[in-house]
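# Summary of the model geometry
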Amino acid sequence: MSTLLRIAAAQYPVSEPADWQAVEAQLERWVAKAADDGAHLLVFPEYAAMSLAALFPPAVRGDLQLQLQALQELYAGYQSLHRRLAQQYRLYILAGSFPLRVGEVYRNRAELFAPSGASGWQDKWTMTRFETEQWGISAGRQLKVFDTALGRIGINICYDVEFPLLARAQVEAGAELILAPSCTDTTAGYWRVRLGAQARALENQCVVVQAPLVGEAPWSPAVDVNVGAAGVYTPPDRGLPDHGVLAEGRWNEAEWLHAEIDPQRLLAVRADGQVFNHRDWSRQPGLAGAGMVPVEIETLR
C-alpha cells in the first residue's frame, strides 16, 4: 500500500438517463470531482449499472429478464467508459457491478480499472434470495486479490462481506484493503452489510470500504429502492478510531465519502496492537480441516 491512500466511496444515485451521453456525463462528473479532491481509488456500488436499463423501451425495462438480456449489448461501452476515465484521471476505479452473461449464466461482476488501462474482475460468490429466486444470477467461483500500486486489494460484493472466509482467504493472500460495494433496499439490509464489513476489518486487522447505491427508481423492478451510507472501517485499536469507523457518509445522500488511510498504522496494530485478531485467527477450533479458499493474484498496475 502507498504511503498515504486516499479513498473515495460513492453513495451513487440510481438514475433514469435519457441516453448514453447522459450516462457518460454523470459518471465523468463524479470521477472528475473525486479526482479534484485528490482520491487515488474510487469505489462505486453494487448494481450501479442497472440504471442503464432506463435506456430501453418500456416493455424491456419493465421486465427483469428482458433487462438482463438487453444489458449485454451495453457492457463493452460500460467497460470502455470506466477504462477511459481511469486512464484520463490517473486513478483506480471499481466500477459499479454489472449482471454479465458468462457462458450460459449471469454473474454479478465488479471490475477494477487501473490508471494504465489494465483491468481485472471479481464475481460475487454468495447470492441473495432475490438474485437466486428472481434474477437467476449464478455464483462466481474465482476469488481474487489484485496487486496494485496502492497495495493488494480484495473485493467482497455486498452479501459476500457477511461471510468471513472469503475475506480471510484474500487477507492470507496479502490483501490489506477489502472493497464492499453494496445495494440494499432496507435499513436492515444495509446494517447486515455494514456489520459484516466491520467484522471483517476487526478480525483481519485491515480496512474495509462500503459503497452503497442510494435513491429510488420507480421504473425499475430491480433497483426501485436503495438505502445506505458509505463507510470506511478499521480495526478498533491503537492509532485508529475506538469504534472502528474512520469515515461515514450521510444517510441516503448522493455524495462522495473521502478517507485517508495510513498503512503504517495497520502494520503497527498487527505487530503490537492491544489484541492480535489477525495472528490469532488460526486458534479457532475446527479450522484445521476446513481448508482455505484458493485465491488468484492478478497484477493491475
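Residues numbered from 1 in each chain as written. Predicted model: local features only at pLDDT ≥ 70, side-chain atom pairs only at ≥ 80, totals over all residues. Heavy atoms only, no water.

### Concerning helix H8 (residues 263–272)
The periodicity of an α-helix, 3.6 residues per turn, causes residues three or four places apart in sequence to face the same way. Rule in force here: Using a 1.4 Å probe on the protein chains alone, a residue whose accessible area is under 20% of its type maximum counts as buried, one over 50% counts as exposed, and one in between counts as partly exposed. Counting from the N terminus, the helices are DSSP H or I runs at least four residues long and the strands are E runs at least two residues long. The directions considered for the arc run from the helix axis to the C-beta atoms. Whenever two N or O atoms come within 3.5 Å, that pair is a polar contact, provided that in protein one can donate a hydrogen and the other can accept it, and provided that, for residues adjacent in sequence, both atoms are side-chain atoms.
Restricting attention to buried positions, one finds in H8 the residues Pro263, Leu266 and Val269. The arc that holds the buried residues of H8, viewed along the axis, is 120 degrees, so those residues lie on one side. In H8, the exposed positions that point more than 90 degrees away from the buried face belong to Gln264, Ala271 and Asp272. Looking at where H8 begins, the residue whose side-chain oxygen comes 3.0 Å from the main-chain nitrogen of glutamine 264 is aspartate 262.

### Topic: the state of the cysteines
Applicable threshold: Pairs of cysteine sulfur atoms within 2.5 Å are what we label disulfides.
Across all of its chains, the model carries 0 disulfides by this definition. Here cysteine 158 is not disulfide-linked; the sulfur of cysteine 183 is the nearest cysteine sulfur, at 6.7 Å. Taking relative accessible area as the criterion, cysteine 158 reaches 4% and is therefore assigned buried.

### Points about empty space enclosed by the protein
Keep this limit in mind: Here the term cavity refers to a set of points on a 1 Å grid, laid over the protein atoms alone, in which a 1.4 Å probe fits but cannot get out; the term pocket refers to an open set having protein on both sides within 12 Å along at least five of seven lines, with lining residues being those that place an atom within 4 Å of a point. Grid points are joined across faces, edges and corners, and a volume is the space filled by probe spheres set on the points.
Throughout the structure, instances matching the rule amount to 1 cavity of 30 Å³ or more. The volume enclosed by the largest cavity comes to roughly 50 Å³. Taken together, Tyr75, Tyr78, Gln79, His82, Ala95, Gly96, Phe98, Arg109, Glu111 and Phe113 make up the lining of the largest cavity. Of all elements in the fold, only helix H4 (75–89) and strand S5 (105–113) reach the threshold of two or more residues within the lining of the largest cavity. Among the elements that take part in the lining of the largest cavity, H4 stands out by supplying 4 residues, more than any other.

### Looking at the environment of proline 99
Selection criterion: Contacts are assigned to residue pairs that have any heavy atoms within 4.5 Å of one another.
With respect to the helices and strands, the residue proline 99 is situated in strand S4 (residues 98–102). Proline 99 sits in the buried class, given a relative accessible area of 1%. Sequence separation of proline 99 and glutamate 172 is 73 residues, and the distance between their C-alpha atoms is 28 Å. Excluding anything up to four places from it in sequence, proline 99 contacts Tyr47, Met50, Leu68, Leu71, Gln72, Tyr106, Arg107, Trp135 and Ile137.

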